[in-house]
Amino acid sequence: MPFREVNSKVVEATVVPGRRLFSQRGAMLAYRGEVSFTPNVQGGQGGVMSMIGRRLANEATPLMTVEGSGTVLFGHGGHHVQVIELSGDTLYVEADRLLAFDGALQQGTMFLGSQGGVMGMVRGQVTGQGLFTTTLKGHGAVAVMAHGGVFEVPITPQRPVHVDPQAYVAHHGDVRNKLSTALGWRDMVGRGSGEAFQLELSGSGSVFVQASEEKL
């Protein structure tokens, strides 16, 4: 595993020759060894389309390519950090919540409206969250950021999970998402979470939720 949790707000990454890591710009706190940090204008392995997706979603956080031999301490803004291990599956995560991830993971972008229909598109307009979610697929580890800690909620076919969109961090598994509102269109304007919107996740997997609705 390339990441070791030092405490709730800092992770240590092991960098070895021939294996890259990607991190959010400004996430490096300290490092030991011969390690280089290079801006990655293509947004990791997702290429240009991945960057376009994040720019349209107002999530154009530049990534840094981390290479060499040594160890790096990552953290950002005093946010809580959670390490998620992937074993061939796909993690869906808000781009601005990514702290660092294994370069062996394949990066892409999913338009939330593709599963959520029209309401998926409304998410970015009213809640302030992005229309696009970053996808990371393969075998490796991901360090994500959140406010107030992260808890994992299982999703089963018999029990879908409803999450406040602003508390959503990431999810994985065979899961479908649908954004819905309990209010009419007139009442919806100006409201971004809680009673106004619910992100419904159904299928088999789990969702990671932060303990606060505060944005990063």
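Conventions used here
- Residues numbered from 1 in each chain as written.
- Predicted model: local features only at pLDDT ≥ 70, side-chain atom pairs only at ≥ 80, totals over all residues.
- Heavy atoms only, no water.
- Helix = DSSP H or I, 4+ residues; strand = E, 2+ residues; numbered from the N terminus.
- Buried < 20%, exposed > 50% of the residue type's maximum accessible area, 1.4 Å probe, protein only.
- Contact = heavy atoms within 4.5 Å.
- Areas by Shrake-Rupley, 256 points an atom, 1.4 Å probe, with all protein chains shown as cover.
- Phe/Tyr/Trp six-rings, centres within 6.5 Å; stacked < 30°, edge-to-face > 60°.
- Pairing = 2+ DSSP bridges.
- Polar contact = N/O pair within 3.5 Å; in protein donor to acceptor, adjacent residues only side chain to side chain.
- pLDDT = per-residue confidence, 0-100.
- Salt bridge = Lys/Arg side-chain N within 4 Å of Asp/Glu carboxyl O.

A. Seen up close, the overall build of the chain. Across its full length, the chain carries 3 helices and 13 strands. Here the chain holds 216 residues, and 51% of them are scored as buried. Restricting the contact set of the chain to residue pairs at least 6 apart, pairs at least 24 apart contribute 82%. Surface exposure of the chain reaches about 9,900 Å², of which carbon and sulfur atoms provide 51%.

B. Spotlight on the packing of aromatic side chains. Scanning the entire structure with this criterion turns up 2 aromatic pairs. Ring geometry for F22 and F101: centres 5.4 Å apart, planes at 35°, overall tilted. Of this pair, F22 sits in strand β3 (residues 21–24) while F101 sits in strand β7 (residues 98–102), and the two are 79 residues apart along the sequence. F22 sits in the buried class, given a relative accessible area of 1%.

C. Quick peek at the environment of V35. Within the secondary structure, V35 sits in strand β4 (residues 28–40). Judged by its relative accessible area of 10%, V35 is buried. Counting along the chain gives 35 residues from V35 to G70, while the straight-line C-alpha distance between them is 6.2 Å. If near-sequence neighbours (up to four positions away) are discounted, V35 is found in contact with V66, E67, G68, S69, G70, T71 and V72.

D. Representation of the pairing of strand β5 (residues 63–74) in the model. Pairing between strand β2 (residues 10–15) and β5: 5 bridges, direction antiparallel. From the neighbouring strand, E12 faces β5, where its bridge partner is L73. As paired elements, β3 and β5 share 4 bridges and run antiparallel to each other. Note on β5: the bridge partner recorded for F22 is T65.

E. How the structure looks around the side chain of Q24. Here Q24 lies in strand β3. In this structure Q24 comes out as buried when scored by relative accessible area, which is 8%. Within the local environment of Q24, its side chain forms a polar contact with the backbone oxygen of L98, the two atoms lying 2.9 Å apart.

F. Local environment of the confidence of the model for the chain. Summary statistics for the chain give a mean pLDDT of 79 and a share of 70% for residues scoring 70 or more. Every residue in residues 44–60 scores below 50 in pLDDT, and together they form 40 contacts with partners more than four places removed in sequence or on other chains. Throughout residues 116–130 the model reports pLDDT below 50, and contacts reaching past four residues in sequence, or to other chains, amount to 45 contacts.

G. Looking closely at the environment of A141. Looking at the element boundaries, A141 is found in strand β9 (residues 132–146). For A141, a relative accessible area of 0% gives the class buried.

H. Just the pattern of salt bridges, in detail. A complete count under the given rule lists 3 salt bridges for this structure. For E12, the salt bridge goes to R4, with nearest N and O atoms at 3.2 Å. Assessed through its relative accessible area of 13%, E12 is described here as buried. D102 serves as the salt-bridge partner of R19, at 2.3 Å between the closest nitrogen and oxygen. Of this pair, R19 sits in the loop between β2 and β3 while D102 sits in strand β7; the two residues are 83 residues apart in sequence, bridging distant segments of the chain. The class of R19 is partly exposed, set by a relative accessible area of 39%. Look at the salt bridges and you will find they share partners, linking R4, E12 and R32 into a network.

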